[in-house]
Structure formats: structure tokens, C-alpha cells
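# Topology and contacts: notes
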Amino acid sequence: MKQREIAVYGKGGIGKSTISANLSAALAAAGVRVLQIGCDPKHDSTRLLTEGREIPTVLDYLRDVPKDRADIDRVLYTGIRGIGCVEAGGPKPGVGCAGRGIISAFEFLERNRVKEKYDILLYDVLGDVVCGGFAVPIRREYADMIFLVTSGEFMSLYAANNILRGIRSYDGGERRRVAGIIFNARDLPEEETRTERFAKGVELPIVARVPRSEAFAAAERQKRPVTETAEYPAERAVFRRLAAEIIAGLPLFEARPLSDEDLERLVLGSETDAKREERSVPAAETAAAAATVPGKTTATAEPRPPAARPALYGCAFTGAATTAVHLTDAAVIAHAPRSCAFFTWQNISSPGRKNLFHRGILMPSALSPRFECTEINRHEAVFGGTDKLRRRVKEAAAAKPGAVIVVSSCVSGIIGDDVLSVESLSTPETPVIVIKADGDIGGDYMEGIDMCLYTLAEKLIDPSVPPRPLSVNVIGETGVAYDLDVNYRTVKGLLERMGIEINCRFLGGARTEEVRRLTAAPLNLLASDGEDNQKLRAWLERRYGCRFLDGCIPVGFRETRRFLEQIGEFFDRKDRVLPVLREEQQRYDDAIRELRSKLAGKRILMTTINTNMDWLLETATAAGMEFVWVGVLNYLRKEMKITDFPERYPVIEEVADWPAVMEKIRRTKPDLVLSNYTSAVPPGDYLLDNMPMTQQAGFHAGIHTLRRWATLAKNEREGDWIRDRRLFETYFS
Ligand code: SF4
């Protein structure tokens, strides 16, 4: 006969294992070679076929034996009538992932080509949950005949309907492989009628009716299926008949699950003869299909509003871990597979390496943090990784870091590790803080940053600390930006000239102790004014009564002057402002004079996704340069303010696409092209420079940038900046 793979699904405790064993025995009695595979963590599917012996499960065996040395005969047992018996097994309740366990068991059986020796493979599967793992037997490459075992109880019918949904989502209505319902009576009032209503609703036959009978308990006491006893001919006949029909070829049907509403109405309600002409596909599919037809929408098919902010295409795990390492005295533990930690480490350390390359400075300590990984492997993915995590946390805590921070990944989230439980390992000196980021399940990169910041704030900030009246906090440095430390040092220097110190950087290279005393500073300064920082600001104001300076870390002469005036006002130190301003104005004017001699007359074309570009527009114009065109790439379709003085720069305009930029370059023939996307600009008769996403803070942001152009160009020596290949290529290599 043609090899068949039969899946018998049903709610836990409904009797599907007894039914599976009886069916296997009846098939074997008809001369078919049967392999029964129990896919229920309870691992008692084959007990009746092995005369009551408990056989080792695949997962228990693979737990101790490396897969390249595993021997299939240790888990494949021969039961009555030569029936092959395998139990997939599962982790202990509450840990790991039983679904993943089934996948591992199937892989093992495939590797050993077990299937080839049998005519029928019968999978006995728990149908309460149809997650990816439990759904393996109904994947296309496995079951080609599926039975649903159910009683007339609502939860049992509900599970049967869910299984149909699982099948439908694999088959999409294109394949017929559901053989029908096996009704396992419980002797409940009206249960047979209810099951018949359900069968009618899902358009499936009831292929067998197993009566409520003492025969099954009696056979169980004899440790064999009822079909193998002499006493119960009626019960035996049910399975022998079904086996014969399977061998002869049962008709197969499409999975047509009911909506929850229909299930309740048809099965529980009074509407016994409900008409379902309209329902040819599940409601959710109809809605989805309607949503793709222009002009046709339904209430459930409403498109979701666009996300409030652009996603950064990293996961919450990466965002949270990349942020957590800014707590410089903490040990950060990634509860993740090694690969997740590797890519995150690259993300953390690459800006530091760039700094090394470009500036010849050493990697700041914030960029070489204590970052470890529990290295969740195949084994923990199945059996759970909480114990391993606890061990790692204890080891890390033994070195007495300021805190141990655990960041969870997709994998720990999916297998349901109880990561929060390790917080109980906290001591007064070393708190253990869990960021339950759960990788991509938890959200995107930005959401991971938020999770980390808010969790650390909640766990560490101590509002009872005494005030430090002449100090400020810097808030929201977050991502490891190119200029993070440079900008911090600039702001710190400016504040020191005013006699003000930095109390805490939340979070950009702070010690645990500094975060604890965050509320000690009377004033806070936002590092940048992005949406997420504004949200953080509002939260800190609400939660801890923090006060914030208007604006954020200043860029350029005008903004920095205003910043110092505000600081002078707030701390009642106005007398210190004027001398600083005089000194810096003098330096600025000297620099402009020097740069004019090198850059005056050069024509700039700029494309930007940045806002607030006055620091550059003003300095370059003061040095005698000309902006021939400024194209604002407004990908987010939000208001983008480039300058406070639009009348001075009529060449600023929004640009929709990159070809328009190319056309402008061709037409205006600039000496210098500035862009956030230099790699998209082809080489030409112009100098090409990168527009950093993060600007350099302070009075001399523009001067710093112009100096680079002058250095790159060296036009005072060679008079031709296009030929200055050596410096140019070094810079971009
Ligand atoms: S999305 Fe998940 S698997 Fe990928 S890096 Fe993040 S945590 Fe790891």
C-alpha cells in the first residue's frame, strides 16, 4: 500500500492516545507495518502497545547523548504486532519548549530514515496548543490524513476547531487531508448532538463513534488495546472497521474551521440547523481578502495606522543590550544564542573602532564593556535555559559589579524562560536587573532602548538622595553615536567654566551610583530632541519631578551662546557667561578669517535628512562659501525645520527622490557635495563629504567641519582639491 502519515489530534485527556493505540493495533492486525509516534510531553501514547512499559523518550535520550553518536534503537521500540513505538517526550512542565522538542524528535527520526520501514506512520499529537512545534505533524511534508478526536465538551470541540485553523493556515484551502472526526463519547447530556452540529458546521464526517465503555479501562488493566482482547467485540469492531476504511482509502476534506462566534452559536447555541452558505472561508481570511480589494473594507480589515515613529531594523534585544552597556560598572548578560550576542557586540563596538581609525583615540570604556552571553543552545531551547542563566548571574555577581543586567532574546522569550526569577539573586551591593526585551518579539531596536532606560530608571533611581545644587544631568545620549564622547566632553567643559558639574549621564557612560543619584541634580539637559528623548523627558518630569533646560546639547555658535545664558540664569551665575562668550567669539572670528582664505567662493550642494542646520549654514556663509542648493530629504513626511532664517537661504527645498539630487548636481556643478548618503553619490568633479547624523556640540561645530574641508582640500598648497586623492581615500577607506 501507499505509505500514509496519519495525525491524530485532540485535546489533552480526551482519549486520543487510547484511540491511537487501538487504531495502530487494528491496522497492524490487518497486516500493515505501523510506527506510532507519541507527540505529547506526557509520553504515554504507546504504553498500551508496549504492554505497559514506559519507553525512553527521544528528548531524554538526546539530552545526554550528542546527536552524532545517538543510536535510533535506543528510542525505537517494537511493540505488539511489530508496531514501532517512539515517544518524542518534552521538557518538564513550565520550562523549555515542548513544541521545539517535537521538532528535535522529528529531525532525529528523519536523520535515521526510520519512516522507510513502515507503511503507516501514526502521530498522536496533543492538540490544545497548535504552536509551530505541535503543528509539525500537520506540515505539508508530514501528515496526509488527519483525524480529530473529540468528545461533545465545548473545550474539546474548541480544540478540534483550533486544529482545523492550524491545518487551514498550512493548506490555505488548497489541499484535502482531513479524514474526519472520531467521536469519543463521555456520556454527557446532548454531547452527540453537539458533536454532530460541529461536524456539520465544519463540513466533516464523523468517521468513528467510540462508545463510553468499561472495556477500555479493563483492557488498560491488561496493558493492551481493547482490539487485542477477546472480550469486547463491539469496541474492537469500531477500530477494525476504521482501519479497514483507512486501508481502502477514506475520502479527505479541506479544513474549514468555524469562527469563534459561529462555534459558540452552532455548538452551544439553540440554532441547530444553522445555514452556513455564506461561509466558505474563515472570517479572518475573508476580512484579509477584502482589505486587498480597493474600496472594499470591513471593520476587522481596517489597515493599522502607520507606526508613530520609524522602526530601526534591529531588535529590542540589540537596542536594550547596546544601551545597557553604557552602565560602565555593570556586567551585562545576554540571555541569548551566541549569534545574537555576536551581532550585538559588533553593533556596540564598531563606532569605537571607527573612532580609533579616524581619530587615533582609544576605544572609550563604554565601548568595551563587560558583555557576556549565556549561549543558549539547542539543548536549552528545548529544556529551558533558566538554570544556566542563574548560574551565569551568580558567576557575574561574584565579581561585585555595580549591577548585573540581564537582557532576554527571542529564544528565551519563545521557550518561556523565567528570566525575571533571577532578580531574586540581587544583593544590596549588586542588584540584578532584567530587561525583558525578548528580541524581535519584544519590539524593534528603539523599543529595546526604551525598555532598558525605563527599567534601569525604575530599578536604580533613588529619589531620597541629597541634592547636589551645582550640577546637571545629561539625558538621552543612548545609541553609541560617533560624537557621543566628544560632545559630552565639550558640554562638560562648558559647564565647568560656569562652575557646574555633571551629576549623571543617563545613559552614556555612567556608573550605577550616578544613576542612583539622578534626582540630586536640579537641572537636566536632553542630549538631542528626538521623539524618544522627548518622551523620556516627559516621563522623568512626571515620575521624579525632574526639571529640564529648554533645548538640548547646543550645536554651533548661536545655540551655544543661548545655552550658556540659560545656564547662567538658572544657577544664578550670569557673571561667568560674558567672559566665556568674549573668549569664544574671538576664537570663532579668528578661525573664520583663516578659513575664508581657503574656502571663500567654493560652492556647496547639500542633501540632508538632518534638521536645524544653521550651525553649518551660518559658518560656511561667514567663510565666504555659497550654498547652490540644499535638498531636504523628508523621508518621514514630517515637518523639517532646517533654519530659523529661511529668507537668507532661498535655495532650500524639499526633494522627493534621489534622481532629483543627481540632476541638481549636474546642473549646479558644485565644488563640494555634502550628504548623509555619500555612497549613493557617484564620483565627479567635486569633493564629497559625509554629513554626520550627530553634530559636534559647542561653539565651534561649524568651524570644525570647515576645517576638515580645508584639510581635505589642502587648496592653499595644491590649489586643486579634486586631485587630493591620498587624504581623501584615507578618510573614506
Ligand atoms: S531578532 Fe531575535 S534572534 Fe535576531 S538578534 Fe534579535 S534576539 Fe537574536
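Note on numbering: residues in each chain are counted from 1, in written sequence order. Local features are withheld for residues below a pLDDT of 70 in this predicted model, meaning they are given only at 70 or higher, and side-chain atom pairs are given and counted only at 80 or more; totals for whole chains, interfaces and linings count all residues.

With that out of the way, let us pick up the overall build of the chain. Elements are defined by DSSP. Helices are runs of H or I of four residues or more, strands are runs of E of two residues or more, and each kind is numbered from the N terminus. When its secondary structure is counted, the chain shows 26 helices and 21 strands. Intrachain contacts of the chain at a sequence separation of at least 6 include 74% that bridge at least 24 residues. Any two residues are considered in contact once their C-beta atoms, placed from the backbone, lie within 7 Å.

Buried Ala, Val, Leu, Ile, Met, Phe, Trp, Tyr and Cys residues form a nonpolar core when they are connected through C-beta atoms within 7 Å. Here exposure depends only on C-beta density: within 10 Å of a residue's C-beta, 20 or more other C-beta atoms make it buried, 12 or fewer make it exposed, and intermediate numbers make it partly exposed, the C-beta atoms being placed from the backbone. Core analysis: the largest hydrophobic core is formed by 185 residues, its most contacted members being Ala-320, Ala-324, Val-404, Ile-405, Val-406, Val-407 and Ile-435. The element contributing the most residues to this core is helix 16 (residues 445–460), with eight residues. Residues in contact with Ile-435, not counting those within four places in the same chain, are Ala-320, Ala-324, Ile-405, Val-406, Val-407, Met-451, Cys-452 and Thr-455.

Moving on, we get to the site of the ligand. In this text, near has one meaning. A residue is near a molecule or strand if its C-beta atom, placed using the backbone, is within 6 Å of it. Lining the immediate surroundings of the ligand are Cys-315, Phe-317, Thr-318, Ala-336, Cys-340, Phe-343, Ser-409, Cys-410, Gly-439 and Asp-440. Residue assignment for the shell around the ligand shows that the elements contributing at least two residues are helix 10 (316–324), helix 11 (338–359) and helix 15 (439–442). Only Asp, Glu, Lys and Arg are considered charged in this grouping, and only Ala, Val, Leu, Ile, Met, Phe, Trp, Tyr, Cys and Pro are considered nonpolar; every other residue, Gly among them, is considered polar. By residue class, the composition of the shell around the ligand is six nonpolar, three polar and one charged.

Moving on to helix 4 (residues 154–171). Each helix should span, by expectation, one fewer than its residue count multiplied by 1.5 Å. For helix 4, with 18 residues, the first-to-last C-alpha span of 25 Å sits near the 26 Å given by 1.5 Å per residue. Along helix 4, the positions that sit buried rather than exposed are Ser-156, Leu-157, Ala-159, Ala-160, Asn-161, Ile-163, Leu-164, Gly-166, Ile-167 and Arg-168. Gly-172 lies just past helix 4 and shows a positive phi near 55°.

Let's shift gears to the sheet that holds strand 8 (residues 206–210). Across a sheet, paired strands are connected by hydrogen bonds in the backbone, their directions being either parallel or antiparallel. Only strands that DSSP links by at least two bridges are regarded as paired with each other. Judged by pairing direction, the sheet is mixed, and its eight strands sit side by side in the order 3-4-2-5-1-6-7-8 without closing on themselves. Each edge of the sheet is formed by a strand with only one pairing partner; in this case those strands are strand 3 (77–78) and strand 8. Across five bridges, strand 1 (residues 4–10) lies against strand 6 (residues 145–150) in parallel orientation. Across the sheet, Ala-7 pairs through a bridge with Ile-146, a residue of strand 6. Helix 4 rests against strand 1, strand 6 and strand 7 (178–184) of the sheet, and its axis sits at about 160° to strand 6. Inter-axis angles, ranging from 0 to 180 degrees, are taken between N-to-C directions of lines fitted to C-alpha atoms, where helices are fitted over the stretch in contact.

All right, on to unusual backbone geometry then. Here the residue pair Phe-506 and Leu-507 is connected by a cis peptide bond, since its omega of 10° sits within 30 degrees of zero. Even without a glycine there, the phi angle at Lys-223 is positive, about 60°. Within the secondary structure, Lys-223 is located in the loop between helix 6 (214–221) and helix 7 (233–248). Positive phi, close to 50°, is recorded for Asp-438, a residue that is not glycine.

This paragraph deals with helix 21 (residues 577–599). In this model helix 21 runs 31 Å from its N-terminal to its C-terminal C-alpha over 23 residues, within 8% of the 33 Å that 1.5 Å per residue would give. Considered for burial, the residues of helix 21 that qualify are Ala-591, Leu-595, Lys-598 and Leu-599. At the exit of helix 21 stands Gly-601, carrying a positive phi of roughly 90°.

On to the packing of helix 10 against helix 16. Here helix 10 crosses helix 16 at 45°, and the two axes come no closer than 6 Å. It follows that helix 10 is oblique to helix 16 by the angle criterion. Both helix 10 and helix 16 take part in a crossing whose hand is right-handed. Residues Ala-316, Phe-317, Thr-318, Gly-319, Ala-320, Thr-323 and Ala-324 of helix 10 touch helix 16, and the partners they reach there are Tyr-445, Met-446, Glu-447, Gly-448, Ile-449, Met-451, Cys-452 and Leu-453. By residue class, the composition of the contact of helix 10 with helix 16 is 10 nonpolar, four polar and one charged. Roughly parallel means an angle under 35 degrees; roughly antiparallel, over 145; roughly perpendicular, 65 to 115; everything else is oblique. If you view the pair so one helix is near and one far, a crossing is left-handed when the near helix is turned anticlockwise from the far one by less than a right angle, and right-handed when it is turned clockwise.

Turning to the sheet that holds strand 15 (residues 523–526), a few remarks are in order. Read from one edge to the other, the open sheet built from four strands follows the order 14-13-15-16, with strand pairing classed as parallel. With one partner strand each, in any of the chains shown, strand 14 (501–506) and strand 16 (548–552) form the two edges of the open sheet. Direction aside, the axes of adjacent strands within the sheet are offset by 25° on average. Of the pairings in the sheet, the one linking strand 13 (residues 471–475) to strand 15 comprises four bridges and is parallel in character. Within the sheet, the bridge partner assigned to Val-474 lies in strand 15 and is Leu-525.

Before going further, it helps to spend a moment on the confidence of the model for the chain. The predictor attaches a confidence to each residue, called pLDDT, with possible values from 0 through 100. When pLDDT is averaged along the chain, the result is 85; 86% of the residues meet or exceed 70. Contacts of residues 270–311 to residues separated by more than four positions or lying in other chains number 29 contacts, the stretch itself having pLDDT below 50. Confidence drops under a pLDDT of 50 for residues 359–366, and excluding neighbours within four residues, the segment shows 16 contacts in the predicted structure.

With that out of the way, let us pick up the environment of Thr-430. Examined against the element boundaries, Thr-430 turns out to sit in the loop between helix 14 (410–415) and strand 12 (432–435). Considered as a pair, Thr-430 and Ala-396 are 34 residues apart in the sequence and their alpha carbons are 9.9 Å apart.

Before going further, it helps to examine the pairing of strand 12. Covered by surrounding structure in strand 12 are Val-432 and Val-434 together with Ile-433 and Ile-435, the residues of both alternating faces. One ladder, built from four bridges, connects strand 11 (residues 403–408) with strand 12; its direction is parallel. Within strand 12, the residue paired with Val-404 across the bridge is Val-432. Seen with its strands pointing away from the viewer, a crossover is right-handed when the path leading from the first strand over the helix to the second is clockwise. On the question of chirality, the crossover connecting strand 11 to the parallel strand 12 by way of helix 14 is right-handed.

So, about the packing of helix 20 (residues 557–570) against helix 21. Running from N to C, helix 20 and helix 21 cross one another at 170°; their axes reach a closest spacing of 10 Å. The angle between helix 20 and helix 21 falls in the class roughly antiparallel. Contacts from Phe-557, Arg-561, Leu-564, Glu-565 and Gly-568 in helix 20 reach Val-577, Val-580, Leu-581 and Tyr-588 in helix 21. For the contact of helix 20 with helix 21, the per-class residue count stands at six nonpolar, one polar and two charged.

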